[in-house]
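Coordinate analysis (summary)
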Amino acid sequence: MVRVDINCDMGESFGNWEMGRDEAVMPYITSANVAGGYHAGDPHVMDRTVALACEHDVGIGIHPGLPDKMGFGRRTMDVTPEEMTEYVVYQLGALDAFARANGTHIQHVKPHGAMYSMLSESPEHARAVMEGIIEVNPEIVYLATDTNIYEVAREFDSLRAVFEGYVDLTYRADRSLIVERKKESLDPELVADRFVSIALDGEVEAADGEIIGVPAESICIHGDTPNSVEILEAIHERIAAHDIELAPLSEIA
């Protein structure tokens, strides 16, 4: 039996501005990456998202970003490794308080946007963030969004890390991702095919047709894809037809 986690970025609304389909998507996933208030989210959204995850028995993680609401955390900033650690620890602490208030705990950390890219490009920044997470709670799982970050995470014996794959984005042959500026509806069956391929074989077809290795134990689905629910329904049909079991990150790492 293959065990895999389905994670989704959530709680990325702010005030009257809504992002994603959190309530519709939550029943289909096992781990929720909740925005911590820097690139998106606010105290009310964070609390509601944690409560929604608890209602569906979904593991909760912090989705920390750079302090850049206007740019949705997608703009690179001049940040030292120490500052990056403090950004992550600050947002982790905020979400942890809401988790405790809702009778649960933080399961994982998954950096967002430009923060993730900076950690991928700078092992020094990545190590600093991981050391900060360990100091807060060594039981927290680090959700590694690419091989560069995953290799740094493996340097720490005390850090639990899980490699993440994507099925609603297309990989290039070098395992980088093609991220479209505007979200469009996708073919649910194509996305479900990719899910099964990664879950069972640890590989997926890249944009040029090459088969590349993606040995992921957690697979991300983006809740702001217009037909995300239809995609998740197709994935769940495949899960039922194959030897796949869904489990949160805490049970996989």
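See above for the structure.
Read on for a plain summary of the structure. Bear in mind the structure is a predicted one, so any value in this text is a computation, not a measurement.

With respect to the pairing of strand β4 (residues 106-109)
Successive side chains on a regular strand alternate, one facing one side of the sheet and the next facing the other. As paired elements, strand β3 (residues 59-63) and β4 share three bridges and run parallel to each other. Each bridged residue has a counterpart across the sheet, and for isoleucine 60 the counterpart in β4 is isoleucine 106. As for the winding sense of the linkage, the β-α-β connection from β3 through helix α3 (residues 81-101) to β4 is right-handed. As judged from the two bridges shared by β4 and strand β5 (residues 141-144), these two strands associate in the parallel manner. Across the sheet, the residue bridging to valine 109 is tyrosine 142, located in β5.

Examining the pairing of β5
The alternating pattern of β5 places Val141 and Leu143 on one face and Tyr142 and Ala144 on the opposite face, and all of these are buried. In terms of strand pairing, β5 meets strand β6 (residues 160-166) through four bridges, oriented parallel. Counterpart to leucine 143 in the pairing with β6 is valine 162. Between the parallel elements β5 and β6, the chain passes through helix α6 (residues 147-153) in a crossover that is right-handed.

Describing the environment of alanine 207
As for its position among the elements, alanine 207 is in the loop between β9 (203-205) and β10 (211-213). A C-alpha to C-alpha distance of 38 Å links alanine 207 and alanine 51, two positions 156 residues apart in sequence. Once you skip the residues sitting within four places of it in the chain, alanine 207 turns out to touch Thr170, Tyr171 and Ile178.

A look at the side chain of glutamate 164
Looking at where glutamate 164 falls in the secondary structure, it is placed in strand β6. Glutamate 164 gets classed as buried once you look at its relative accessible area, which sits at 0%. A polar contact is formed between the side chain of glutamate 164 and the side chain of asparagine 7, at a distance of 3.1 Å. Dropping the residues within four chain positions of it, glutamate 164 is found in contact with Asn7, Lys110, Leu143, Ala144, Thr145, Tyr171, Ala216, Ser218 and Cys220.

Side note on the pattern of salt bridges
Pairs can form between side chains of opposite charge whenever their charged atoms are close. Per the counting criterion, the structure on display carries 13 salt bridges. Between arginine 75 and aspartate 68 there is a salt bridge; the shortest N-O distance is 2.5 Å. Accessibility expressed as a relative area gives 46% for arginine 75, which makes it partly exposed. In the salt-bridge network here, residues are joined through shared partners; they are Arg3, Glu245 and Glu251.

A short note on the packing of α3 against helix α4 (residues 113-121)
Across the interface, α3 lies against α4 with an axial gap of 12 Å and an inter-helix angle of 135°. Between α3 and α4, the crossing angle belongs to the class labelled oblique. Classified by chirality, the crossing of α4 by α3 is left-handed. For the pair α3 and α4, contact is made by Met84, Tyr87 and Val88 and by Met115, Met118 and Leu119, respectively.

Cut-offs used in this document
Residues numbered from 1 in each chain as written. Predicted model: local features only at pLDDT ≥ 70, side-chain atom pairs only at ≥ 80, totals over all residues. Heavy atoms only, no water. Pairing = 2+ DSSP bridges. Helix = DSSP H or I, 4+ residues; strand = E, 2+ residues; numbered from the N terminus. Right-handed = clockwise from strand over helix to strand, strands pointing away. Buried < 20%, exposed > 50% of the residue type's maximum accessible area, 1.4 Å probe, protein only. Contact = heavy atoms within 4.5 Å. Polar contact = N/O pair within 3.5 Å; in protein donor to acceptor, adjacent residues only side chain to side chain. Salt bridge = Lys/Arg side-chain N within 4 Å of Asp/Glu carboxyl O. Axes fitted to C-alpha atoms, helices over the stretch in contact; angles between N-to-C directions. Parallel < 35°, antiparallel > 145°, perpendicular 65-115°, else oblique. Left-handed = near helix turned anticlockwise from the far one by under 90°.

Purely geometric stuff here, so don't read any function into it on its own.
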